[in-house]
Each structure stands twice: as structure tokens, then as C-alpha cells.
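Descriptive analysis of the structure
Next come the chains, spelled out residue by residue.
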Amino acid sequence: MPGLPRMYHSVKKALLIGVQYTTTLKKIDPCWELKGAHEDPKTLRKLLVDIYGYREEDITILIDDPEEQYVWPTRENILAAMRDLVQDAQPGDHFVFSFSGHGSQVVNEDGTEEDGLDEILIPVDAVLDPATNMFQDYIKDDEVRKIIVDSLPSGSRCVMIFDCCHSGTASDLPSVFSDGLASPCSPLTTFSPRLPWKSHSQSMDMEQINVHRAPAAGHADESSQFAWMRGTRHARTRSNTMPPQSPGPDVTSWSACMDSQITYGGRKGGFFVKAFTEALRHNPHQTHAELLQSVRRELAKCTAAHNMKLTQRGKGADNQAFEPAMSPRAQLGSLRQTSYFHTPFDM
């Protein structure tokens, strides 16, 4: 009698990226350095191990550490690690992808973005032209969608976390949580008539917030488990969302701010990652919508605490007048319809 097939055991894998730019963009202008970006992957790794049962050996970290103990987050290495993250993905698998670093926007050339702009992630080896503030060798939201989201089988789960500017739709998911509240743009966002996009603002170190105004800156598998994506891979309209109980992967995107906003951080890491992890440690069993509101409250507390800290000093860095920062509005996106936001969160 032939042996029974071995039961497949689902896996939990994570790819966590933090880019500080100390040896690259900082040489062009010190304000590009993000001194706490390396802390975010470590903060998230501890959360995944402590709360969600991930094994450390299944968590890959990419940071641009001077000691080169880690693989550096170059464009090539990030894309390769993204492909490795979801390679041979099976139903029941859980994946986490996070990026802490600079984010920006470029002109959308294929008409798939409502605002006419693609969101981009800035790897450590991205090339910046100081004369135009235009980047080369970035990673577009389309690539994140194609490599990670479109590779996932039905029944798998993926949580993406973006602690970077202009990250509201950084993974190109079609459904965005709306609570009916207007979300004002950050007062520190700058716009330049020279550039064909809104801005090239970087995440701000809160210790320097009053000094540095950011310069404007494969084929689908035909097996049944991949059938959900047929005919919907390249469009980005609300008709491409899936009902909460339909076949397909559970994919959510958690972003530090709206596409039009910038976000903040300090030497201990990004404010959004801090808010996200603290909200989950306080209550890991919230619905997606509840968690979003918890994160927004925590994010507001972080921003208020730093505003108070700078107010007590009486002035900003380099003796410039203190101007309070406005808390960015964290965003939640999903591959499914908006009713999915009221289901329990898991990673």
C-alpha cells in the first residue's frame, strides 16, 4: 500500500528592512540620514517572536550596518529577498514584510493611479541627483504588488508594514479603510514646481524637525489556488477587491501616513513602528479597524510627547523657532472588500 503523503506544515516567514543611508545619501546632505531606522526591524522581530510565534531563523533582516553583519538593503538585494520570502508559498502560510526608510512619489505612466503618482521605496543604493532631487534605482509600488501580493496562493496571509513617507498605498492594494474623517497633509511636506511629483520628502528625525525641511524631492499559476488573481493582476480599481470570505490570500498593508504626507522618527526608531508594536502588545486580539484606531492614538501620543520635549527646550535644533509637528494619519489597505477590516487581526 503506497504511503500517505506527508502533511504540510504551514510556515511563518518575515522580511524586515531598515535603511539608515549613513554611507550613501548622508554624503549628499546629512538630513537624509535616518538614525533610528535600524531599530525598527529589531522591534518588529521581537514582536513576531514574542506574540505571534515566529522563529528567529525564519526572520530575515536587511540593514545597511557599517560592520556589514547583515545583508545590505540594496535594490537588488531587496527584490531578491522579496522573491525568496514568498517562494513556494502554500495555503496557511503567514508572511510579514516591512520597510523603514525613505519613501517618495513619481509620475505614474500607465494610468493605474487615481492621483497620477506611483509610490516608491528608496533602497540604500538609490541614486539621487542633487540638482533635481530626482531618484533612480528605486522600488515602485507596482513591484511590491507583483512580487509579493501576486505570488500568494489562496489561503495564505501577508501583513505589510511601511514606516516611510508617502506610503499610504505603497503596496497598491485596492481597498483602503475610510472612517469619514478628513486627513490633512503634514505641514512639513514641501512641494517644488521643478518636480513632476508632489514631493521628495524624507522621514524626519524629530531631534532636527525644525531644521531640515525636506527638499522636494512572471505569469499567474493556473492551478486552482491561484485562480483568484486571474484577470485582476494589473488593474487597480475597487472592483478588484475580494469579498471577505472569497478564495484568495489575506493581504493587508499598514502605512505610517497618507500618500500625501511625511512621517517621523527618532534615534530609537520610527514613530509608526513604535505605535504599531505597542498597540499590539497592549491587545493582540483587535479587529483590523480597532487596531488602526489604536495605532493612530499611539502615533498621536508619540508625536505629542516629542512636541512637548521640544517645547520644554524652548527652541528647535540650531536655535530655530519651534514649530509643532502634526501627527501623520496611519493608513490600512486590503486586497479584500472593506468589511474585511472588521475581522480579527493576525500575523
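These lines cover the structure that appears in this document, whether it is placed above or below.

Rules used in this analysis
Residues numbered from 1 in each chain as written. Predicted model: local features only at pLDDT ≥ 70, side-chain atom pairs only at ≥ 80, totals over all residues. Heavy atoms only, no water. Phe/Tyr/Trp six-rings, centres within 6.5 Å; stacked < 30°, edge-to-face > 60°. Helix = DSSP H or I, 4+ residues; strand = E, 2+ residues; numbered from the N terminus. Buried < 20%, exposed > 50% of the residue type's maximum accessible area, 1.4 Å probe, protein only. Axes fitted to C-alpha atoms, helices over the stretch in contact; angles between N-to-C directions. Parallel < 35°, antiparallel > 145°, perpendicular 65-115°, else oblique. Left-handed = near helix turned anticlockwise from the far one by under 90°. Contact = heavy atoms within 4.5 Å. Nonpolar A, V, L, I, M, F, W, Y, C, P; charged D, E, K, R; others polar. Core = buried A, V, L, I, M, F, W, Y, C linked by side-chain atoms within 4.5 Å.

Turning our eyes to something else, we now look at the packing of aromatic side chains. In the structure shown here, the tally under the stated rule is 8 aromatic pairs. A ring pair is formed by Trp254 and Phe345, whose centres lie 5.5 Å apart and whose planes are at 90 degrees; its orientation type is edge-to-face. Of the two residues, Trp254 is situated in strand S12 (residues 250-255) and Phe345 in the segment after strand S15 (331-334); the sequence distance between them amounts to 91 residues. Taking the relative accessible area as the measure of exposure, Trp254 reaches 0% and is therefore buried. Classification of Phe345 by relative accessible area gives buried; the value is 5%. Ring centres of Phe272 and Phe276 lie 6.0 Å apart, and the angle between their planes is 35 degrees; this geometry places the pair in the tilted category. Pair noted here: Phe272 and Phe276 are both in helix H4 (residues 271-282), with a separation of 4 residues, about one helical turn. Classification of Phe272 as buried rests on a relative accessible area of 0%. On the basis of relative accessibility, which here comes to 0%, the residue Phe276 falls in the buried class. Taken together, the ring pairs in this structure connect Tyr52, Trp254, Phe272, Phe276 and Phe345 into an aromatic cluster.

What follows is about the packing of H4 against helix H5 (residues 288-313). Across the interface, H4 lies against H5 with an axial gap of 8 Å and an inter-helix angle of 130 degrees. Classified by the angle between their axes, H4 and H5 sit oblique to one another. In this structure, H4 crosses over H5, and the sense of that crossing is right-handed. Here Phe271, Phe272, Lys274, Ala275, Phe276, Glu278, Ala279 and Leu280 of H4 come into contact with H5, specifically with Leu291, Ser294, Val295, Glu298, Leu299, Cys302, Thr303 and His306. Class assignment for the residues of the contact of H4 with H5 results in 10 nonpolar, 3 polar and 3 charged.

Now for the packing of helix H1 (residues 39-52) against H4. Across the interface, H1 lies against H4 with an axial gap of 10 Å and an inter-helix angle of 15 degrees. Considered as vectors, H1 and H4 are oriented roughly parallel to each other. Judged by the sense of rotation from one axis to the other, the crossing of H1 with H4 is left-handed. Contacts from Asp40, Thr43, Leu44, Lys46, Leu47, Asp50, Ile51 and Tyr52 of H1 reach H4 at Val273, Phe276, Thr277, Leu280 and Arg281. Grouping the amino acids of the contact of H1 with H4 by side-chain chemistry returns 7 nonpolar, 2 polar and 4 charged.

The biggest cluster of nonpolar side chains holds 43 residues, and the ones touching the most others in it are Met82, Phe97, Phe99, Met160 and Phe162. Looking at this core, the elements with two or more residues in it are strand S1 (12-18), helix H2 (75-86), strand S3 (94-100), strand S5 (117-121), helix H3 (141-147) and strand S9 (157-163). Looking at this core element by element, the count peaks at 6 residues for H2. In contact with Met160, not counting residues within four places along its chain, are Phe97, Val144, Ile148, Val149, Ser171, Leu173, Val251, Thr252, Ser253 and Trp254. By size, the runner-up hydrophobic cluster in this structure holds 38 residues, among which are Cys165, Ala256, Phe271 and Ala275.

Limitation: the analysis is restricted to geometry and does not speak to function.
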